[in-house]
Amino acid sequence: MWRATVRSLLGRKFRLILTSISIVLGVSFVSGAFILTDSLSTRFDSLFQSVNQDIDVEVRGVPVSGDVPDLGLGDGRVPIPEAILDGVRKVDGVEYASPGVTGQAVVVGKDGKAIVGFGPPALGGSWDPDDKESPLSLRSGRAPNADDEVVLTAYTADEADVAVGDEVRIVAAGGTQTYEVVGIAQYRDGNRDSLAGETYAAFTIPEAQRMLNVPGGYSIIDVHGSGDVSNDQLKQRIEQVAGSQTEVLTNDELNAEQTSDIKEGLGFFNTFLLVFAGVALFVGAFIIANTFSILVAQRTRELALLRALGASRGQVTRSVLAEAFVVGLISSAVGLAGGVGLSYGLQALFSLLGQGFPDGPTRIEPRTIIVALIVGVGVTCAAALFPARKAARIAPVAAMRDSAIPDKPLRRQATVGAVLAAAGAVAMFIGLTGGPLLVLGLGVLLVFLGVALLSPVLSRPVVAGLGAILGRSITGRLGTENASRNPRRTAATAAALMIGLALVGAIGVIGASAKTSIKDLVQGTGADFIIQSTIQFGAAAGVSDDALAKIDDVAGIDSISTLAFDQAHIDGDGTTDGVQAANDGYVSTILDLKAVDGDVDRVPDGSVLISESSAKDRGLAVGQKIKLTYSTGQGSTLKVAGVFEDNSLADGLIVPIGERAKFFDTDVQIAFVSVSDGADMDDVHSRLDKALADFPTIDVQDQSEFTKQQTAQIDQVIVVFQGFLVLAIVIAAIGIVNTLALSVLERTRELGMLRAIGMTRKQVKRMVRTESVIIALFGALLGVVVGVGFGIALQQALSDQGIEKLALPWLQLIIYVIVAAIIGVLAAVLPARRAAKLNILNAIKTE
Amino acid sequence: MTSPAAAPTNAGTASAGIAAQALDVTKVYGTGETQVRALDGVSADFASGQFHAIMGPSGSGKSTLMHCLAGLDTISSGEVLIAGRPLSKAGDKELTELRREHVGFIFQQFNLLPTLTARENILLPLSIAGRKPDPKWFDAVIDAVGLRDRLSHRPTELSGGQQQRVACARALVSRPAVVFADEPTGNLDSTSALEVLELLRRTVDEFGQTIVMVTHDAKAAAFADRILFLADGRIVDEMHGRPTAELVLDRMKQIDARVAGAPIPASEPR
Ligand SMILES: Nc1ncnc2c1ncn2[C@@H]1O[C@H](COP(=O)(O)OP(=O)(O)O)[C@@H](O)[C@H]1O
Ligand SMILES: [Mg+2]
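Please read these numbers as outputs of a predicted model, since none were measured by experiment.

Explain the sheet that holds strand 4 (residues 77-82) of chain B to me, using residue names and the numbers behind them.
Either a parallel or an antiparallel arrangement is found when strands of a sheet pair, and the pairing is made through backbone hydrogen bonds. All names here are of chain B. If you walk across this open sheet you meet the four strands as 2-1-4-5, and the pairing is antiparallel. Pairing within the sheet leaves two strands with one partner each, and these edge strands are strand 2 (36-47) and strand 5 (85-86). Strand direction decides the pairing type here: strand 1 (residues 18-29) and strand 4, joined by five bridges, are antiparallel. Looking at strand 4, one finds that Gln21 is bridged to Leu81. This element, helix 2 (residues 62-69), spans strand 1, strand 2 and strand 4 of the sheet and lies at about 60 degrees to strand 2.

Given below as structure tokens:
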């Protein structure tokens, strides 16, 4: 049996190569994801090890409270009093200890724009000339020794387009300040310009304390031991003097913590890539199943002969599976190599996008190889299982007769499909209404399978309909007939495209709905201008009081509605609720709340408004007093003045704007400005811009600019998804090529006859092309329908999370269908050429 | 080489037109050791309005000659003319057009498209050419093949004989200068074969159709006006005037004997 398998493999090289491409791509993504994340995490490991190599023990303040997220900016921790530094220095075993101040500091480029990366942080720190553990060294210039001097890392200076001697503006907790660049720094480790695309500005210690809001203290103390004691012992000794408001970490603990943050980020990235690998493999499985059922059909006589010669059913099944096993094994091996390539490609892509990764070795863990092989071989064999079982049903007499294997009737398959699709829809419903994400994924999978099984029944009418549009000429007519000759094959081929387009379509629907919802939301606020920071997190992410005062002075402004955010525990319970501090203008004009009870048009001092859902959860009612504890640990006791219906802008607590003084981020996060009647919008806009000229991180946008910015972000996400789903579409195109090649092969004699009686090569090509386009369009239409269905379901599920309005991206969907048609045309190129080049005489003679 | 057979029955038609012509045609397959001269200097005229049969033992070059005449295969030297047009220099486009406009085909395997009805199969050459059928001619052809009540059937719903008659109608529908048929009865039982042969005969008699049929069956050849005998790629004999099957068979036997005997004098007696 083995020899027959090998012979059969070699005899079908071309088809198997085409088929294996889908597995190769899928495995490439799986292994690429692992290789990339493994390599990067080892590189970050060694990077941090070398950066921290002189730090034996580090002391830092405890978090301000457990509710403050550590954004890696160095803030959110209690400052270390100066006295503790002296104590640490006296500890036996400490050779030297250097203090440091860290926090967020955004550098403003020469062009007046703040340097904002979408990933790496903007960091600020202190430059201590005596610090022997610092990972940084001067590349040029000197250390800062005055409050208006700063050292920038080489990367930062490049991005800001400044050099030693230039002036540079920096925004931090302490405001916006202009400095003279006195030095350019680099990392001691490998003379890097930056570690991973972060910006870094270093001030004198007093200036850092002021700018980074660490008054009279330090963020960290780096300790270098004398070498007499272990780091653990040193840590214990230092803990004795460091007080209760600090944490002490050894070098190992520090490295582990820093890399674990990175690894968490890489883990998300890994999952993201694996999801796409899953899509690619799922789509690929259809192509494989299709190819193997074609192979089995072509080999009916041969397999029947084997049966007649005494091979058991099991042996026939195994011979087909053995073929799949070999194909899967080879594809996985190639895919593994592809994964290495992909990991390099993605690194190149990210460095193009400005997110550089440290250089270093590429790691292929044994786990990667094992997973790649299991996934590649497993998917191939699983996909070949049905065709293999079908092969076993071939009766030995088929060797003598020209009888095909009896297909199960389409109706039975359609029933199974309908049941699966319905079960999938139910699973999706459960997943979307708070069930686990896995159930949602399973539901999507089942719906795809169900629709794929249903689609042969659908193919006849749809293909006939498409044919009526496309196939008026004889070539169109014949192409259409060919597409509907084998509904199962057409459906399986189209299924791959269906899945790809359904996913892209669903994302398109969600994106369009989100954009429309945002637009409506912005319009609903009635605000003329929206003012906020271009920085997403940290001290620079707010609109400072200084900036608010400037805005207030601008002529032609009617009102300013302001808002700040935090988290709060109610009456000391374990859970937290979102809390907004808002002024009356915000509550009355922007929020436009609907009262369930009490007065919700304003939020007077000493009162709190609460959403219906929170009130219900906690059994609160108007008139009750509650104690709120914010994430800083500070709090207030407030009286519930009103209960409002939850909406997309407010679903927690609303407190008076003055409460923000007790918040972690004390700044207003967003300000909505209404212009007075009769004032010229453009004039006010330019006056606002001028007033805020000293606040480079703060941006004034009118409604359309704000909407455009928000929707642009959504578009970016859509583009990323589309980019990855192109993979599924490429695999689908391969499937079409495969099916067409077979269609041409099977109809060799017909093609010979058609050519003999006068069909031109051009007409032959057109005929094959029509078949291809019809298959592609069938898949695309199914995909769009399923995708829109998914999209609507998702939108409904997310309607209380801001995506209130359903919008269908018609133009986008039409473009997808047109793209599918183009894919059909492209997929037909080679098979059509082959059909047109057939030798007529040989073609007529073939059996 | 030509035998003293009777002169063509309708000499008038013969002089009126030659539908197809082979001029000293040779066809060589392969090179060197494996070279085969499938046609070795064949010259023949195929007069319009006549039923020509090409006979000969298997491997004698019958199919090759037909393919070369029909513009399906290129020739190594010589010239082929269809409706007065030389084929040796024509490219694929010209040959395709020529086949579409001037040649009809009937294959041994019927070669109908299973997805089309009988009517659609018959009209296929016109559809490919983008031409509308002449309703009168279409009616005449349908009546001649006797398939009026089967027009909406698909090939799988027709018997072998019926399928071949559909194929005949398909060959006739574009009024070609010449219809080529390669063993058209090779896949049929004797009753169906007879029907098809009678049909072909009728199209010659009633429509003045020119037919060139390749066959190795003497009974089939007996329907022809003129029979060319081929052996080893050469025309070795010719019969005219509708001889009986027995006479054709006798002539075949003579030729077989001559061909079989031929090599013996060439080699030294042992
Ligand atoms: N494509 C080909 N390549 C090589 N030799 C061929 C080819 N076609 C036919 N022949 C050879 O040419 C000769 C004539 O073949 P053919 O015309 O098919 O004979 P017939 O139809 O009389 O049986 C045979 O010897 C055959 O082997
Ligand atoms: Mg032959």
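From this point, the narrative continues.
Could you give me a rundown of the site of ligand 1, with the residues and numbers involved?
All names here are of chain B. Around ligand 1 lies a shell formed by Tyr29, Val36, Ala38, Pro57, Ser58, Gly59, Ser60, Gly61, Lys62, Ser63 and Thr64. The backbone of Lys62 places a nitrogen or oxygen atom 2.9 Å from an oxygen atom of ligand 1. The separation between an oxygen atom of ligand 1 and a polar side-chain atom of Ser63 is 2.8 Å. Calculation on ligand 1 without its partners gives an accessible area of 550 Å², and the protein chains cover 61% of this total. The set of elements that each furnish at least two residues to the shell around ligand 1 consists of strand 2 and helix 2. Considering only residue class, the shell around ligand 1 consists of four nonpolar, six polar and one charged.

Requested: an account of the domain arrangement of chain A, with residues and values cited.
All names here are of chain A. Here chain A is described as being made up of domain 1 (1-56 + 250-406), domain 2 (63-244), domain 3 (458-526 + 703-847) and domain 4 (536-696). Between domain 2 and domain 4, the C-alpha centre-to-centre distance is 33 Å. Contacts between domain 2 and domain 4 engage 16 residues on the former and 14 residues on the latter. Roughly 1,200 Å² of surface becomes buried between domain 2 and domain 4 when both sides are summed, with 63% attributable to carbon and sulfur atoms. The interface formed by domain 2 and domain 4 holds zero salt bridges in total. Taken together, the connections running from domain 2 to domain 4 amount to two residue pairs in polar contact (both at pLDDT 80 or more). Looking at the side of domain 2 that touches domain 4 element by element, the count peaks at three residues for strand 4 (residues 102-108).

Describe the sheet that holds strand 3 (residues 94-100) of chain A, with residues and values.
Residues and elements named next belong to chain A. Ordered by their spatial adjacency, four strands build an open sheet running 3-12-1-13, and the pairing between neighbours is antiparallel. Sheet topology places strand 3 and strand 13 (246-250) at the edges, where each strand pairs with a single neighbour. Along the sheet, successive strands turn relative to each other by an average axial angle of 20 degrees, direction set aside. Across the sheet, helix 6 (residues 231-242) is in contact with strand 1 (57-61), strand 3, strand 12 (220-225) and strand 13; its angle to strand 13 comes to roughly 170 degrees. Relative to the sheet, helix 7 (residues 251-298) contacts strand 1 and strand 13, its axis offset from that of strand 13 by approximately 95 degrees.

Please give an account of the interface of chain B and chain A that cites residues and values.
Each partner contributes residues to the interface: chain B has 21 residues there, and chain A has 20 residues. A combined buried area of about 2,100 Å² lies between chain B and chain A, and 65% of that area is made up of carbon and sulfur atoms. Three residues, Leu113(B), Thr115(B) and Ile128(B), lead the burial of chain B against chain A; their summed loss comes to 26% of the area buried on that side. Where chain B touches chain A, the interface holds three salt bridges. Note that Arg755(A) is salt-bridged to Asp92(B), the shortest N-O span being 2.7 Å. For the pair chain B and chain A, the number of links is seven residue pairs in polar contact (both at pLDDT 80 or more). Those elements that provide at least two residues to the side of chain B that touches chain A are helix 3 (92-102) and helix 4 (118-129) of chain B.

Can you tell me about unusual backbone geometry, naming the residues and giving the values?
One non-glycine residue, Asn213(A), lies in the positive phi region at around 60 degrees. Of note, Asn213(A) is situated in the loop between helix 5 (205-211) and strand 11 (217-218). Residue class for Asn213(A) comes out exposed when judged on its relative accessible area of 53%. Non-glycine residue Ala83(B) carries a positive phi angle of around 50 degrees. Here Ala83(B) is to be found in the loop between strand 4 and strand 5. Judged by relative accessible area, which is 37%, Ala83(B) ranks as partly exposed.

Please set out the environment of Ala285(A) residue by residue, giving values where relevant.
Residues and elements named next belong to chain A. Along the polypeptide, Ala285 turns up in helix 7. Between the alpha carbons of Ala285 and Ile115 there is a distance of 45 Å; along the sequence they are 170 residues apart. When near neighbours in sequence (up to four residues on either side) are disregarded, Ala285 contacts Val379 and Ala383.

Lay out the nonpolar core in plain terms, naming residues and giving numbers.
Generally speaking, a soluble globular protein has its nonpolar side chains buried in company with each other. Core analysis: the largest hydrophobic core is formed by 170 residues, its most contacted members being Phe448(A), Phe105(B), Leu124(B) and Phe180(B). Element by element, the count of residues in this core is highest for helix 7 of chain A, at 17 residues. In contact with Leu124(B), not counting residues within four places along its chain, are Ile474(A), Leu478(A), Met753(A), Leu754(A), Ile757(A), Leu113(B) and Leu116(B). One finds Met55(B), Val166(B), Met239(B) and Val248(B) within the second-largest nonpolar core, a separate group that totals 50 residues.

Quick rundown of the pairing of strand 18 (residues 607-611) of chain A? Include the residues and the values.
Side chains on a regular strand alternate between the two faces of the sheet. Residues and elements named next belong to chain A. For strand 18, a buried count of five out of five residues is recorded, marking the element as mostly surrounded by other parts of the structure. As paired strands, strand 18 and strand 20 (residues 635-644) are joined by five bridges and run parallel to one another. Following the sheet pairing, Leu609 is matched in strand 20 by Gly642. Both strand 18 and strand 21 (residues 653-656) contribute to a ladder of two bridges, which runs antiparallel. Residue pairing for strand 21: Ile610 is matched across the bridge by Leu653.

Tell me about the packing of helix 3 (residues 82-90) of chain A against helix 6 of chain A, and name the residues and values.
All names here are of chain A. Viewed as axis vectors pointing N to C, helix 3 and helix 6 meet at an angle of 145 degrees, and their least axial separation amounts to 9 Å. Crossing of helix 3 against helix 6: the hand is right-handed. Counting all contacts with helix 3, which are made through Ile84, Gly87 and Val88, the residues of helix 6 involved are Ile238, Val241 and Ala242. For the contact of helix 3 with helix 6, the residue count by class is five nonpolar, one polar and no charged.

Would you mind going over the pattern of salt bridges in detail, with residue names and values included?
If you walk through the whole model with that rule in mind, you get 39 salt bridges over all chains. One salt bridge connects Arg761(A) with Asp92(B), and the closest N-O pair in it is separated by 3.6 Å. Of this pair, Arg761(A) sits in helix 21 (residues 761-797) while Asp92(B) sits in helix 3, on two different chains. The class for Asp92(B) is partly exposed, based on a relative accessible area of 27%.

Please set out the packing of aromatic side chains residue by residue, giving values where relevant.
All names here are of chain A. By the definition in use, this model includes 12 aromatic pairs over all chains. Where Phe282 meets Phe448, the ring centres are 6.1 Å apart and the plane angle is 40 degrees; that geometry is what we call tilted. Taken together, the residues span a long stretch of sequence, with Phe282 in helix 7 and Phe448 in helix 12 (residues 437-470) at a distance of 166 residues. Taken individually, Phe282 and Phe448 each receive the classification buried, so the pair is uniform in this respect. An angle of 35 degrees between the planes, with centres 5.8 Å apart, marks the rings of Tyr586 and Phe672 as tilted.

I'd like a description of the packing of helix 19 (residues 703-746) of chain A against helix 22 (residues 810-837) of chain A, backed by residues and values.
Residue and element names in this part refer to chain A. Viewed as axis vectors pointing N to C, helix 19 and helix 22 meet at an angle of 35 degrees, and their least axial separation amounts to 9 Å. Of the two possible hands of crossing, helix 19 and helix 22 adopt the one that is right-handed. Note on element contacts: helix 22 touches helix 19 through Gln812, Tyr816, Ile823, Ala827, Ala828, Pro831, Arg834 and Ala835, opposite Ile718, Gln722, Ile729, Ala733, Ile736, Val737, Leu740, Ala741, Val744 and Leu745. Tallied by class, the residues present in the contact of helix 19 with helix 22 amount to 15 nonpolar, two polar and one charged.

Quick one: what's the story with a nonpolar patch on the surface, residue by residue and with numbers?
A surface patch of nonpolar side chains, amounting to about 720 Å² of accessible area, comprises Trp810(A), Ile814(A), Ile818(A), Ile822(A), Leu826(A), Val829(A) and Leu830(A). Topologically, Leu830(A) is positioned in helix 22.

Report on helix 7 (residues 190-207) of chain B, specifying residues and quantitative values.
Residues and elements named next belong to chain B. Relative to the 26 Å expected for 18 residues at 1.5 Å per residue, helix 7 spans 25 Å between its end C-alpha atoms, a close match to the ideal helical length. Along helix 7, the residues classified as buried are Ser192, Ala193, Val196, Leu197, Leu199, Leu200, Arg201, Thr203 and Val204. Residues of helix 7 that are buried in the fold lie against strand 3 (51-55), strand 6 (103-106), helix 5 (135-145), helix 6 (160-172), strand 8 (211-214) and helix 8 (218-221). The opening residue of helix 7 is Asp189, an N-cap whose side-chain oxygen sits 3.2 Å from the backbone nitrogen of Thr191. A positive phi of about 70 degrees marks Gly208, the residue just after helix 7.

Could you give me a rundown of the confidence of the model for chain B, with the residues and numbers involved?
All names here are of chain B. Residue-level pLDDT values for chain B average 87, and 90% of them are 70 or greater. Within chain B, strand 8 carries the highest mean pLDDT (96), whereas helix 1 (residues 11-16) carries the lowest (38). With pLDDT under 50 throughout, residues 1-15 is counted as low confidence; its partners more than four residues away or in other chains account for 18 contacts. Residue range residues 263-270 is modelled with pLDDT below 50. Its contacts to residues more than four positions away, or to other chains, number zero contacts. Predicted complex, confidence summary: ipTM 0.87, pTM 0.80.

Analysis parameters
- Residues numbered from 1 in each chain as written.
- Chains lettered and ligands numbered in written order.
- Predicted model: local features only at pLDDT ≥ 70, side-chain atom pairs only at ≥ 80, totals over all residues.
- Heavy atoms only, no water.
- Pairing = 2+ DSSP bridges.
- Helix = DSSP H or I, 4+ residues; strand = E, 2+ residues; numbered from the N terminus.
- Contact = heavy atoms within 4.5 Å.
- Axes fitted to C-alpha atoms, helices over the stretch in contact; angles between N-to-C directions.
- Near = heavy atom within 4 Å.
- Polar contact = N/O pair within 3.5 Å; in protein donor to acceptor, adjacent residues only side chain to side chain.
- Areas by Shrake-Rupley, 256 points an atom, 1.4 Å probe, with all protein chains shown as cover.
- Nonpolar A, V, L, I, M, F, W, Y, C, P; charged D, E, K, R; others polar.
- Domains from an automatic or database assignment.
- Buried area = accessible area lost by both parts, 1.4 Å probe.
- Salt bridge = Lys/Arg side-chain N within 4 Å of Asp/Glu carboxyl O.
- Buried < 20%, exposed > 50% of the residue type's maximum accessible area, 1.4 Å probe, protein only.
- Core = buried A, V, L, I, M, F, W, Y, C linked by side-chain atoms within 4.5 Å.
- Left-handed = near helix turned anticlockwise from the far one by under 90°.
- Phe/Tyr/Trp six-rings, centres within 6.5 Å; stacked < 30°, edge-to-face > 60°.
- Patch = residues over 30% accessible without salt bridge, like charges linked within 9 Å, V, L, I, M, F, W, Y side chains within 5 Å.
- Expected span 1.5 Å × (residues − 1).
- pLDDT = per-residue confidence, 0-100.

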